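Residues per chain, in single letters:
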Amino acid sequence: MLGKLIKYDLKSMSRAFIPVWCLAPLIALLLSFSVKGTLAWASGSPLTSMFALGNGMLVMVMGILFFAALAALFVMTIVFVIQRFWNGLLKEEGYLMFTLPVHTWELIVSKAVTATIVSFVSILIGIFSGMILMVFSTEEVIRSWFVAWKYLFSSIFELGPTFWLNVMLFILLIILGIVQSIYHIYTAMAIGHLFPTHKVVGSCVSYIGISIIVSIVSNIVNACLSTLMPDTWYNYRSYDLMELMGTAYLLYLMLGTIVELAAYHVITERILSTKLNLE
Amino acid sequence: MSGMLIQCQDVWKSYGSQAALKGLNLQMESGKIVGLLGPNGSGKTTLIKILNGLLTPDQGVVLVDGERPGTYTKSIISYLPDKPYFAGWMKVSDLLDFFEDFYEDFDRAKADHMCKALQIDEKLRMKTLSKGTKEKVQLILVMSRQAKLYLLDEPIAGVDPAARDYILSTILNNYNPEGTVLISTHLISDVERVLDEVVFIRNGQMVFQDLVDNIREKEGKSVDELFREVFRTVPYGGGEW
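Calculation rules
- Residues numbered from 1 in each chain as written.
- Chains lettered and ligands numbered in written order.
- Predicted model: local features only at pLDDT ≥ 70, side-chain atom pairs only at ≥ 80, totals over all residues.
- Heavy atoms only, no water.
- Helix = DSSP H or I, 4+ residues; strand = E, 2+ residues; numbered from the N terminus.
- Buried < 20%, exposed > 50% of the residue type's maximum accessible area, 1.4 Å probe, protein only.
- Contact = heavy atoms within 4.5 Å.
- Areas by Shrake-Rupley, 256 points an atom, 1.4 Å probe, with all protein chains shown as cover.
- Lys, Arg positive; Asp, Glu negative; His and termini not counted.
- Charge placed at Lys NZ, Arg CZ, Asp CG, Glu CD.
- Core = buried A, V, L, I, M, F, W, Y, C linked by side-chain atoms within 4.5 Å.
- Pairing = 2+ DSSP bridges.
- Axes fitted to C-alpha atoms, helices over the stretch in contact; angles between N-to-C directions.
- Buried area = accessible area lost by both parts, 1.4 Å probe.
- Salt bridge = Lys/Arg side-chain N within 4 Å of Asp/Glu carboxyl O.
- Polar contact = N/O pair within 3.5 Å; in protein donor to acceptor, adjacent residues only side chain to side chain.
- Nonpolar A, V, L, I, M, F, W, Y, C, P; charged D, E, K, R; others polar.

Caption draft 1: Just the overall build of chain B, in detail. Looking only at helices and strands, chain B features nine helices and nine strands. With the principal axes as the frame, chain B shows a C-alpha extent of 55 × 40 × 40 Å. Burial statistics for chain B: of 241 residues in total, 51% are counted as buried. Sequence separation of 24 or more characterises 69% of the internal contacts of chain B that already satisfy a separation of 6 or more. By element, 47% of the accessible surface of chain B is carried by carbon and sulfur atoms, the whole surface being about 11000 Å². Positive and negative side-chain charges in chain B, numbering 28 and 34 respectively, have mean positions lying 6 Å apart.

Caption draft 2: Here's a closer look at helix H1 (residues 44-51) of chain B. Residues and elements named next belong to chain B. Of all eight residues in H1, seven are buried; the element is thus mostly enclosed. Taken together, the buried positions of H1 are occupied by Lys 44, Thr 46, Leu 47, Ile 48, Lys 49, Ile 50 and Leu 51. In the segment just after H1, Gly 53 is the residue with positive phi, at about 85 degrees.

Caption draft 3: Spotlight on the nonpolar core. The biggest cluster of nonpolar side chains holds 85 residues, and the ones touching the most others in it are A:Tyr183, A:Tyr186, B:Leu51 and B:Phe98. Here this core gets 11 residues from one element, more than from any other, and that element is helix H6 (residues 161-193) of chain A. Once you skip the residues sitting within four places of it in the chain, A:Tyr186 turns out to touch A:Val81, A:Phe85, A:Ile108, A:Lys111, A:Ala112, A:Ala115 and A:Thr268. Within the second largest apolar cluster, 30 residues are counted, among which are B:Leu168, B:Ile171, B:Ile215 and B:Leu226.

Caption draft 4: Looking closely at unusual backbone geometry. One non-glycine residue, A:His198, lies in positive phi territory at about 50 degrees. Inspection of the secondary structure puts A:His198 in the loop between H6 and helix H7 (199-228). In this structure, B:Asp65 takes a positive phi of about 50 degrees despite not being glycine. Within the secondary structure layout, B:Asp65 lies in the loop between strand S4 (59-64) and helix H2 (71-76). By relative accessible area, B:Asp65 is classed as partly exposed at 25%.

Caption draft 5: Just the sheet that holds S4(B), in detail. Residue and element names in this part refer to chain B. Spatial strand order, S2-S1-S4: three strands in an open sheet with antiparallel pairing. For this open sheet the edge positions go to strand S2 (18-28) and S4, each flanked by a neighbour on one side alone. When strand polarity is set aside, the average angle formed by the axes of neighbouring strands in this sheet is 25 degrees. In this sheet, S4 lies alongside strand S1 (residues 6-15) in antiparallel orientation, the contact comprising five bridges. Within the sheet, the bridge partner assigned to Cys 8 lies in S4 and is Val 62. Docked against the sheet, H1 engages S1, S2 and S4, running at close to 115 degrees with respect to S1.

Caption draft 6: Spotlight on the interface of chain A and chain B. Between chain A and chain B, the contact holds 27 residues from the first and 30 residues from the second. Summed over both partners, the interface of chain A with chain B comes to about 2700 Å²; 62% of that surface belongs to carbon and sulfur atoms. Among the salt bridges present, the one from B:Asp94 reaches A:Lys11, with a minimum N-O distance of 2.9 Å. Run the count over chain A and chain B and you get 11 residue pairs in polar contact (both at pLDDT 80 or more). Elements with a minimum of two residues in the side of chain A that touches chain B: helix H1 (2-42) and helix H3 (92-97) of chain A. By residue number, the principal contributor to the side of chain A that touches chain B is H1(A), which donates seven residues. For the side of chain A that touches chain B, the class distribution of residues is 13 nonpolar, six polar and eight charged.

Caption draft 7: Fine view of the sheet that holds strand S8 (residues 197-202) of chain B. All names here are of chain B. Across the sheet, six strands lie side by side as S5-S6-S7-S3-S8-S9; this open sheet has mixed pairing. Each of the sheet's edge strands pairs with one partner strand only, and the pair in question is strand S5 (77-80) and strand S9 (205-211). Within this sheet the neighbouring strands show an average axis-to-axis angle of 15 degrees, counted without direction. By the bridge criterion, five bridges tie strand S3 (residues 33-37) to strand S7 (residues 180-185) in an arrangement that is parallel. The partner of Leu 37 across the bridge, within S7, is Thr 185.

Caption draft 8: The arrangement of the pairing of S1(B) in detail. All names here are of chain B. Relative to S2, S1 is paired through eight bridges, and the arrangement is antiparallel. Looking across to S2, one finds that Ile 6 is bridged to Met 28. Hairpin connection of S1 to S2: two residues between the antiparallel strands, including Gly 16 at a positive phi of 65 degrees.

Dropping the structure here:
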């Protein structure tokens, strides 16, 4: 049933996001060409410099459009995360979803999986658009990119397995961080739903309240752990040991994220299972 | 208590300081069309939402086919809410696919046939349909299931008399005869002819439950007349109308 729920959520998401996901790189490409054109005109005679001025206007417009598209991508992603949970489960659409013969956790996980995919792809599209903008703007950038990639590939084989483990852990941590941020919003909305009136205000207050609690708890845990850790570790100059320290730190961060994530999931699931009130 | 499709024992539910159900007790058997009758604000919708798990009671026991509201009870309940619950982007065909995906007892061929009979284009998006057509689609979805319990919340409120006849005949012609249909309404005279049993609910409590035939034989009254008698209020300034 979870797969069917995710299929349905992805379908509702694709309609809104695919156009923006296509639009942002497209605008980046057009902007990069107009930048390139302006630079080419400007480097010529005084007459062509006049054209460069006109082209500069185009660059300005394209630039505004590009940042508008990125802003739209960012805002849409956040609105999507909130709206699909709020409208999809806690408003009228919830009548349909909560009368399906599925478990409450499946409804929550389905929303979280879709929201994570949307957020992750939006971030990738944002980075990809920025890369397009840089790469196609000037030949120098392309050249320097080639140099950088060549260097990276030549040094890849010199790097040990710990480095690649850390890279993998870092990517995993980013994905977990996205899921955790999404669940933070879900838990706040679930708690806000318990308020008899002013549920939106309740959700906002809950979001801030959760942030404060998490911050206090993590500070206490960090303070306790730092007293246990020997300070001498920081004096080591060995690259291998630094890498291992990095691995340990990434694993520690992941553990903290997973614990926080699990707490959010349990709280949200319990509230929607035992305190659901679709008035 | 065993063998009952619906069992409610001392069920309480409040919205803030306002109590909607006040210790409601109710038992209902299978294979009947039951009218859940009461004036506006008597607790009908609250009871239906508790039965299908959209609301959690503050106190009391609610069992449907012997189980508390959960995955099993949701698989045997077909619910028609008092307002549309669809995402506007969905096409009629998306909704039919959706119900086919999630409900094993959903008869797709029957739903397609009903759409065709009512000239509803399955390719149209829900947001482009009129209010009446949306309600028809909702009714098609609900009545295309072979459910054990149909919970129909105000299915004929806000529609013209001809549409009421159509809705009632759709319910009568398509429900699972082994299941129970619970119709909540305050439009008694329209539904009276289809009911086997009635439950009167007032101020969050069940005040009367009997078979329609018994009411006619014992009381010598129609359900509509009995309802008016039970729920009579003296108008401001006194006197009768």
